[in-house]
Amino acid sequence: MKTSPLYLNGGWVSTQTTLRVVNPATAEPFAEVCTGDRKMVAQAVADAHAAFPSWRKLPAKARGDYLRKIAGELEQRRDEVARTITLENGKPLAQSRGEVDMTVAHLLWFAEEAGRCYGRIVPNQADGKRHLVIKTPMGVVAAISPWNFPLVLAVRKIAPALAAGCTAILKPASATPLCAVAFAECVEAAQLPKGVFQLVAGKAGEIAAEFLANPLCRKISFTGSTEVGRTLIQGAAAGIKPLSLELGGHAPVLVFEDADLDVAVEGVMITKFRNTGQSCIASNRIYVQRSIYPKFVERLVEQTRALKTGDGLEDGVQVGPLINEEGLTKALEHIEDATRCGARLLCGGKRIARKGWFLEPTVLSDVPARALCMIEETFAPVAPVCAFDTEAEAIERANASPFGLSAYAFTRDLDRAYRLMESLEAGMIGLNDGVPTTSQCPFGGVKQSGWGRELGSEGMDAFLETKHVSLRVKL
Ligand code: NAP
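Rules used in this analysis
- Residues numbered from 1 in each chain as written.
- Predicted model: local features only at pLDDT ≥ 70, side-chain atom pairs only at ≥ 80, totals over all residues.
- Heavy atoms only, no water.
- Pairing = 2+ DSSP bridges.
- Helix = DSSP H or I, 4+ residues; strand = E, 2+ residues; numbered from the N terminus.
- Axes fitted to C-alpha atoms, helices over the stretch in contact; angles between N-to-C directions.
- Contact = heavy atoms within 4.5 Å.
- Salt bridge = Lys/Arg side-chain N within 4 Å of Asp/Glu carboxyl O.
- Buried < 20%, exposed > 50% of the residue type's maximum accessible area, 1.4 Å probe, protein only.

Novice: Can you lay out the sheet that holds strand 13 (residues 251–255) for me, pointing to particular residues and giving the numbers?
Specialist: With respect to topology, seven strands assemble into an open sheet ordered 15-16-17-14-13-19-20, the strand pairing being mixed. Each end of this open sheet is capped by a strand with a single partner; those strands are strand 15 (344–347) and strand 20 (428–431). In this sheet, adjacent strand axes meet at a mean angle of 20° when their direction is disregarded. Relative to strand 20, strand 19 (residues 406–410) runs parallel, the two sharing four bridges. If you follow Tyr 408 over to strand 20, its bridge partner there is Gly 430. Its contacts with the sheet put helix 10 (residues 293–305) on strand 13, strand 14 (283–289), strand 15, strand 16 (362–365) and strand 17 (382–388), and the angle it makes with strand 17 is roughly 170°. The sheet contacts of helix 13 (residues 414–423) involve strand 13, strand 19 and strand 20, and relative to strand 20 the element is tilted by about 165°.

Next comes the structure, spelled out in C-alpha cells:
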C-alpha cells in the first residue's frame, strides 16, 4: 500500500504515524498518508510565518501567475486526480472530473482577483487631511476542509488566501487526504516558494488546537459540520481568532404549480442525488404545491428508480456509495424514523447487498415536519417530499430551520420569484436552478450555516485586513 508523505516547508516529510484511506465502494483500505503531531503543526506555522513577508511583497500579478501554474498542473492531471477523488470519496467519475474542473476555475478566478483587491480614496473631511482605505493580507491562514468535495472545498480557501498574499496550511479531512496530496504536488510543480503552502494531516482536534492557540496563525477558515464549527468558535474565544465558517445546511425546495415540471424534476434530481446526496447544498425538504403533488411525486419516483447506483469508477454510474458505515446507518435511521412518523416509502430505502456503503436511492412522500430528515441533514440519496397549499405557508415552512445555506424554488411567476429571493432565509438561492455555485459569486450561509462567504469578490475579503489611513498633508 502506498504511503504519501506530508508537504512541509517546500519538502516531502515522512513520519512514523499514518492514517488509512478507505475506498467507500469496497470498504477496503487502499492507501496511507503520514500524520503529524502538534509540534509539527507549530513548526509549519512558524515556517509559514517566515515565508509571509516575501510572498506578500510579490506583485499581485506574480502571485496570480503562480495560481495559474497550479491550475495548469491540475488540468494536465485531470483524469488521474478525478480517479483519486472517486477512490477516496466514492462519487461517480464524471462528477469527480467536474470537481477538478471547478477547482481549476476557482484557481483562475482568484489568480485574477489577486489584482483586484482595491482599496479606495475617500474625499477629505477636514482641511489638510486625506483618507485612504487599504487592504493588506492577514498573515498565516489555516484551512480545514471536509471529505464531501475534498479538492474543490480545500482550494476555495487556499486559492484566495494565496492570492491575497497570505501563506496557508491545509488540513484535509482524514477520509479524503489523497487529493490534497495531489494538490500539494501541483503546488510543488508550480515552484511556489517554500512555506507558502503546506499540507498537514492527523488528529483534527490536536491540529486545530495549535491553530487556535498559536498567535502566528492569524485566521482559520473551516468547512464542515455545524457541531465542529461551534467547538471552533468556543476555542477561538481566548485568542479572539478570526474564523470563516462554512457549516451544515438543510435546503428547502419549493415547487409551485406554475413551475415547468420538467425543469423542477430535473432540478430536484440534481440537488438531491449529486454527490450521492452528500452535499451541504443538497435539498433536504421538498415542498410541492398540492395541485401538482401527485404528478411531481410520480415523475420523481420514476427518475429515482432509473438512477444507476454502483462503484463510481464503473461506466454510467450516477450514484456512488456513502462515505462510511456511520453515514449509511444514519440514512437508514432517518428512513425508518420517517416511516414511523407516517411517511410513505415510495422507492428505495434499503442497503444494497454488496461490499461498500451503498443505499438504494430513496423517495419518501407525505413526510411530516417532525420527522428527523426534515430537521437534520441526512447526507444521503434520500428525498423527502410533502405538500403545501399557499405561498405564505411554503415560505414559512422553508424558513423554519436553524440552517440557512441554500434554498431552491421552481416557478414561472416573476413577481413570486422576487418575493422568494427576498424572503427565503438562505445565503444562496437557486431559482429554477439546481446548481447555483460558480467561482464568480459568493457562497456561504446565514443562521447556523456559517460566517462569511467564499468565492466571488467576497472570497478575498476573508483573508484581507481593511485599514484606514488618515494622512495629514500640506498642499
Ligand atoms: P466535520 O466532521 O465537521 O469535518 C470537517 C473537517 O473538520 C475535517 O477536516 C475534520 O477532520 C475536521 N475536524 C473534526 N473535528 C474537529 C475539531 N474538533 N476541530 C477542528 N477540526 C475538526 O464535517 P464532515 O463530516 O467532514 O463534512 C460534512 C459536513 O460539512 C456537513 O454538515 C456539511 O453540510 C458540511 N459542509 C458545509 C459546506 C459549506 O460550504 N457550508 C460544504 C461542505 C460540507 P477529520 O476528518 O480528521 O475528523
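Novice: Quick rundown of the pattern of salt bridges? Include the residues and the values.
Specialist: Counted by the stated rule, this structure contains 28 salt bridges. Asp 337 is the partner of Arg 340 in a salt bridge, and the nearest nitrogen-oxygen pair spans 3.9 Å. Of this pair, Arg 340 and Asp 337 both sit in helix 11 (residues 325–340), three residues apart, roughly one helical turn. Overall, the relative accessible area of 12% leaves Asp 337 in the buried class. Residue Glu 391 is joined to Arg 416 by a salt bridge in which the shortest nitrogen-to-oxygen separation is 2.8 Å. Of this pair, Glu 391 sits in helix 12 (residues 391–399) while Arg 416 is found in helix 13, placing the two residues 25 residues apart along the sequence. Given the relative accessible area of 11%, Arg 416 is considered buried. Beyond isolated ion pairs, a larger network of salt bridges with shared partners links Lys 61, Asp 65, Arg 68 and Glu 112.

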